[in-house]
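Residue-level listing of the chains:
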Amino acid sequence: MTEALLSRFLRYVVVDTQSNELSKACPSTPGQMELQELLRTELETLGADDVQLTKHGYVLATIPPTSRKSGLPTIAFLAHVDTAPDFSGKGVQPIVHRKYDGRPIRFPHNRRLVLESSVAPDLEQAKGKDLVTASGMTLLGSDDKAGVAVIMTLAAHLLRHPAISHGPIRICFTPDEEIGRGVERLDLEELGADVAYTLDGGLAGEIGWQTFSADAAVVGIEGVSTHPGEAKGKGMVNALHLAGKFLSALPRERCAPETTSGAEGFVHPTRIEGSVERATLRFILRDFELPGLARKRAIVQGISRGLQAAEPRARVVCRISKQYRNMAYWLRKDMRPVERAREAIRSIGLEPVDRLIRGGTDGSRLTELGLPTPNLFCGQHNIHGPLEWVAVQDMALAVQACVGLTEIWGRKGRGK
Ligand SMILES: [Zn+2]
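In this report, the structure presented in the accompanying data block is examined. (Residues numbered from 1 in each chain as written. Predicted model: local features only at pLDDT ≥ 70, side-chain atom pairs only at ≥ 80, totals over all residues. Heavy atoms only, no water.)

So, about helix α8 (residues 290-310). Between its terminal C-alpha atoms α8 stretches 30 Å, which fits the 30 Å expected from 21 residues at 1.5 Å a residue. Within α8, burial applies to Gly 292, Leu 293, Lys 296, Val 300, Ile 303, Ser 304 and Leu 307. Viewed along the axis of α8, the buried residues span an arc of 135°, placing them on a single side of the element. Of the exposed residues in α8, those oriented more than 90 degrees away from the buried face are Pro 291, Arg 295, Arg 305 and Ala 309. Where α8 is buried, its residues contact β11 (213-222), α6 (239-249), α7 (252-255), β12 (266-274), β13 (278-287) and β14 (315-324). (Helix = DSSP H or I, 4+ residues; strand = E, 2+ residues; numbered from the N terminus. Expected span 1.5 Å × (residues − 1). Buried < 20%, exposed > 50% of the residue type's maximum accessible area, 1.4 Å probe, protein only. Arc of directions from axis to C-beta. Contact = heavy atoms within 4.5 Å.)

So, about the pairing of strand β8 (residues 169-174). The buried fraction of β8 is high, at six of six residues. Across the two faces of β8 the burial is the same, with Ile 169, Ile 171 and Phe 173 and Arg 170, Cys 172 and Thr 174 all buried. Across five bridges, the pairing between strand β2 (residues 59-63) and β8 is antiparallel. Across the sheet, residue Ile 63 finds its bridge partner in β8, namely Ile 169. Bridge analysis of strand β3 (residues 75-80) against β8 gives six bridges, and the strand direction is parallel. Residue Ile 75 lies in a different strand from β8, and its bridge partner there is Ile 169. (Pairing = 2+ DSSP bridges.)

Time to look at the sheet that holds strand β17 (residues 380-381). The four strands are arranged β4-β7-β18-β17 in an open sheet whose pairing can be described as antiparallel. Looking at the sheet topology across the chains shown, the edges are occupied by β4 (95-97) and β17. Both β4 and strand β7 (residues 131-133) contribute to a ladder of three bridges, which runs antiparallel. Bridge pairing in β7 places Ile 95 opposite Thr 133. Contacting β4, β7 and β18 (389-391), helix α1 (residues 2-13) crosses the sheet at an angle of about 5° to β7. (Axes fitted to C-alpha atoms, helices over the stretch in contact; angles between N-to-C directions.)

One finds Phe 9, Leu 43, Phe 77, Phe 173, Tyr 197 and Leu 199 to be the most contacted residues of the largest nonpolar core, which totals 66 residues. Per element, the largest residue contribution to this core is twelve residues, and it comes from helix α12 (residues 392-412). Judged by nonpolar contacts, the second largest core, of 21 residues, contains Leu 281, Leu 285, Ile 303 and Leu 307. (Core = buried A, V, L, I, M, F, W, Y, C linked by side-chain atoms within 4.5 Å.)

This next bit is on the coordination of the zinc ion. Binding of the zinc ion to the protein goes through His 80 (NE2), Asp 143 (OD), Asp 200 (OD) and Asp 200 (OD), at separations of 2.0 to 2.4 Å. Geometry at the zinc ion is irregular, judged from its four donor atoms and the angles of 55 to 139° they form at the metal. In the primary structure, the donors to the zinc ion are separated according to the pattern H-x62-D-x56-D. Of this pair, His 80 sits in strand β3 while Asp 200 sits in strand β9 (residues 195-201); the two residues are 120 residues apart in sequence, bridging distant segments of the chain. (Donors = N, O, S within 2.8 Å, 3.2 Å for Na, K, Ca; no water. Tetrahedral: all angles 85-135°; square planar, octahedral: opposite > 155°, others 65-115°.)

As enumerated under the stated definition, the model contains 25 salt bridges in all. A salt bridge links Arg 98 to Glu 3; its shortest N-O distance comes to 3.0 Å. One end of the pair, Arg 98, is in the loop between β4 and β5 (105-107); the other, Glu 3, is in helix α1, with 95 residues separating them in the sequence. Given a relative accessible area of 45%, Glu 3 falls into the partly exposed group. With its nearest N and O atoms 2.8 Å apart, the salt bridge here joins Asp 287 to Lys 296. Using a relative accessible area of 8% as the deciding quantity, one classes Asp 287 as buried. Bridged by salt links that share partners, the residues Glu 222, Glu 277, Arg 278 and Arg 315 form one connected network. (Salt bridge = Lys/Arg side-chain N within 4 Å of Asp/Glu carboxyl O.)

As a further point, take the layout of surface pockets. In this structure, the second largest pocket spans a volume of roughly 220 Å³. Among the elements of the structure, α9 (328-331) and α10 (336-347) are those that each provide at least two residues to the lining of the second largest pocket. Taken together, the residues that form the lining of the second largest pocket break down as eight nonpolar, two polar and four charged. (1 Å grid on protein atoms, 1.4 Å probe; cavity = no way out; pocket = protein on both sides within 12 Å on 5 of 7 lines; lining within 4 Å. Points joined across faces, edges and corners; volume = space filled by probe spheres on them. Nonpolar A, V, L, I, M, F, W, Y, C, P; charged D, E, K, R; others polar.)

What follows is about the packing of helix α3 (residues 142-160) against α12. Interhelical geometry of α3 versus α12 gives an angle of 50° and a closest axis separation of 9 Å. Our classification of the angle between α3 and α12 gives oblique. In the packing of α3 onto α12, the handedness of the crossing is right-handed. Here Ala 146, Ala 149, Val 150, Thr 153, Leu 154, His 157 and Leu 158 of α3 lie close against α12, whose contacting residues are Met 395, Ala 398, Val 399, Cys 402, Val 403 and Thr 406. Taken together, the residues that form the contact of α3 with α12 break down as ten nonpolar, three polar and no charged. (Parallel < 35°, antiparallel > 145°, perpendicular 65-115°, else oblique. Left-handed = near helix turned anticlockwise from the far one by under 90°.)

Following the sequence through the fold, Cys 402 ends up in helix α12. Taking the relative accessible area as the measure of exposure, Cys 402 reaches 0% and is therefore buried. Other than its neighbours up to four places away in sequence, Cys 402 contacts Phe 77, Leu 154, Leu 199 and Leu 376.

Direction of pairing for β12 relative to β13: antiparallel, over a ladder of eight bridges. In the strand pairing of β13, Val 267 is matched with Leu 285. With antiparallel pairing between neighbouring strands as the criterion, β12 and β13 make up a hairpin whose turn holds three residues.

Moving on, we come to the environment of Glu 277. Along the polypeptide, Glu 277 turns up in the loop between β12 and β13. For Glu 277, a relative accessible area of 43% gives the class partly exposed. For the pair Glu 277 and Asp 287, spaced ten residues apart in the sequence, the C-alpha separation amounts to 33 Å. The residues contacting Glu 277, other than those within four sequence positions of it, are Ile 221, Glu 222, Gly 223, Ser 225 and Ala 239.

Next comes the structure, spelled out in structure tokens:
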């Protein structure tokens, strides 16, 4: 199984599928459609049913039930085909490190880079496994092509082994997850699942069912522009200075991504643009719990009000919009999707580990929309940068855990 996984993975990572939030198209970039066409063809060749590539770039397919029981819930497995806009995904040259010896890994296209346990603590448990990295110029794209390869290998395995007893299974590859649009054009009726899992996590054994709750804030500052030569007499109000004041008023030492971890939330300025006349600051606000998220909103709103009061000649407007919510709020009401994932992970000899997801997944939105969707490991590490790596044997464990999961749902159905 590991060789089939590896060859699939190597085929997928060379397609440039970096998403682009400035594009209005869906998928946002043509490379994603190219990979989706390849996946559609592979699913057809494997003999999956209802293989479909929608005009918005979603691939859907069915693996028909092998169990004779009626009324079994439909389980969906999802992965996203795009890679992060943060770092180049063009011209990926994957390098396979067979039976990794535990020594620091260097990269042919960037001699300054070193992948070692100080920056990748999970490397310790990867000794002896087959690793894949990029070459130093690009990310690898295991986020989330490791998930895609796991699901394709799962499909191949189930279709080849009809003796494995399971209910109906749906497969879904989404575009544009990294720019927050992963399920925007996904028709849940068409997907037709009762429970779903994203394969978009790290270390073998991990389950993610608690994500951030997320809002975005945009602060607009209007100043007063004059000729700089006579600015003193004509009342210049420089929006750029006010923007600088805003940023320095943030409680950065206790509420920024670079100063927080675990269950702590943050306020994170992501973009600033402007001139004397007008400046715009963009922020993301994150917290696992809603009261904590409300406090983050209060920070940004409070600074806006303070700035406005201190400079009445300016106009300071703060707009906040909802992004997504912690999936735990819905999953806690019915933990079966999580408990059965734990059971499946135990069945392959691993200890399940709950992992707080300091971000969102496609599952955050889906769970809120009524489709419970925890996240499972697929072996990706040091994602969104040149040090990204994956262990092929961990991907194989993910396939086995998913096979176990389909059997458990097939055996227990909707019951306890
Ligand atoms: Zn991902």
